[in-house]
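# Understanding the architecture of this molecule
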Amino acid sequence: IHYMNPLPWHDLDGDGYGDNIVDDTSPTVAKFGQAITTWAASQDTDGHLYVYLIDHGGIDNFMIFPNEIITADQLKSYLDTFQTDTERKVVVIIEACKSGSFTDNLIAQNKARIVITSTDDQDSYMQLSGRISFSQFLIDRLLTGDSLNAAYLKAKQQLANMGLPYSRMQPKLV
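Here's a quick rundown of the structure.

## Some points on the pairing of strand β6 (residues 113-117)
Most of β6 sits inside the fold, with 4 of its 5 residues counted as buried. Looking at chain direction, strand β5 (residues 90-95) and β6 are connected through 5 bridges and run parallel. Bridging across to β6, V90 finds its partner in R113.

Written out as structure tokens, the structure is:
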């Protein structure tokens, strides 16, 4: 795991102590691209590459860090390079407003790539530090052993059952 987050302190296990899990506290688009094309590509595995993005999004763009905006085409280029160099499969999960606008750019012919987004080209919603969010529902289902497709369908239904504004979200899986 290569974790980029401007907040360096995280207490994952609830013991009151920081867990020192952040690899980069000043992420840039260039460093993000390098994490995919160099760091991830150099890992000694033939397993999938999972890219999870959560923050602010717009049509075909995502904020890596303030004033650091990655476009859908830039992300596609990084993923294409990674897959050309490694021949590994990729799963991208994006929790952000307008995240569904990325899907048409990210899907590439002859590439084993899955893209899951929290919504289409509309707004995405979350509460309680992400405990109520599409990706939390998705990950909860994955942790129970569901496949990506089953977890996606159940998370999508859970959003619909939450009422407004969550029921307005239209997650995508391509």
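## Concerning the sheet that holds strand β3 (residues 61-65)
Pairing is antiparallel in the open sheet, where 3 strands are placed in the order β2-β3-β4. With one partner strand each, in any of the chains shown, β2 (57-58) and β4 (68-71) form the two edges of the open sheet. Direction of pairing for β2 relative to β3: antiparallel, over a ladder of 2 bridges. The partner of G57 across the bridge, within β3, is F62. Most of the contacts of helix α1 (residues 29-39) go to β4, to which it runs at about 50 degrees, and overall it touches β3 and β4.

## Quick word on the sheet that holds strand β1 (residues 49-54)
Taken in spatial order, the 4 strands of this open sheet run β1-β5-β6-β7, and their pairing is mixed. Edge strands, defined here as strands with exactly one partner in the open sheet, are β1 and β7 (172-173). Two elements, β6 and β7, share 2 bridges in a ladder whose sense is antiparallel. Across the sheet, I116 pairs through a bridge with L173, a residue of β7.

## Points about the packing of α1 against helix α2 (residues 72-86)
Each pair of packed helices gets described by two things: the angle between the helix axes and the distance between those axes. Following both chains from N to C, one finds α1 and α2 inclined at 25 degrees, their axes separated by 8 Å at the closest point. By the angle between their axes, α1 is roughly parallel relative to α2. In this structure, the crossing between α1 and α2 has a hand that is right-handed. Contact residues: V29, A30, F32, G33, I36 and T37 in α1; Q74, L75, Y78, L79, T81 and F82 in α2. Broken down by class, the residue content of the contact of α1 with α2 amounts to 8 nonpolar, 4 polar and no charged.

## A few points about the environment of D44
Note that D44 resides in the loop between α1 and β1. Among the residues examined, D44 registers a relative accessible area of 82% and is labelled exposed. For the pair D44 and I116, spaced 72 residues apart in the sequence, the C-alpha separation amounts to 25 Å.

## With respect to the packing of helix α4 (residues 134-143) against helix α5 (residues 148-161)
Contact pair α4 / α5: the axes reach a minimum separation of 8 Å and the direction vectors enclose 135 degrees. When the axes of α4 and α5 are compared, the pair comes out oblique. For the pair α4 and α5, the sense of crossing is right-handed. On the side of α4, the interface is formed by F134, F137, L138, R141 and L142, while α5 contributes L148, A151, Y152, K154, A155, K156, Q158 and L159.

## As for the pattern of salt bridges
If you walk through the whole model with that rule in mind, you get 6 salt bridges. Between K31 and D24 there is a salt bridge; the shortest N-O distance is 3.3 Å. Using a relative accessible area of 29% as the deciding quantity, one classes K31 as partly exposed. One salt bridge connects K98 with D123, and the closest N-O pair in it is separated by 2.7 Å. In this pair, K98 is assigned in the loop between β5 and α3 (103-106) and D123 in the loop between β6 and α4, connecting sequence segments 25 residues apart. Judged by relative accessible area, which is 22%, K98 ranks as partly exposed. Taking the relative accessible area as the measure of exposure, D123 reaches 33% and is therefore partly exposed. Several salt bridges converge on common partners, so that one network encompasses K76, D80 and R113.

Parameters at a glance
Residues numbered from 1 in each chain as written. Predicted model: local features only at pLDDT ≥ 70, side-chain atom pairs only at ≥ 80, totals over all residues. Heavy atoms only, no water. Buried < 20%, exposed > 50% of the residue type's maximum accessible area, 1.4 Å probe, protein only. Helix = DSSP H or I, 4+ residues; strand = E, 2+ residues; numbered from the N terminus. Pairing = 2+ DSSP bridges. Contact = heavy atoms within 4.5 Å. Axes fitted to C-alpha atoms, helices over the stretch in contact; angles between N-to-C directions. Parallel < 35°, antiparallel > 145°, perpendicular 65-115°, else oblique. Left-handed = near helix turned anticlockwise from the far one by under 90°. Nonpolar A, V, L, I, M, F, W, Y, C, P; charged D, E, K, R; others polar. Salt bridge = Lys/Arg side-chain N within 4 Å of Asp/Glu carboxyl O.

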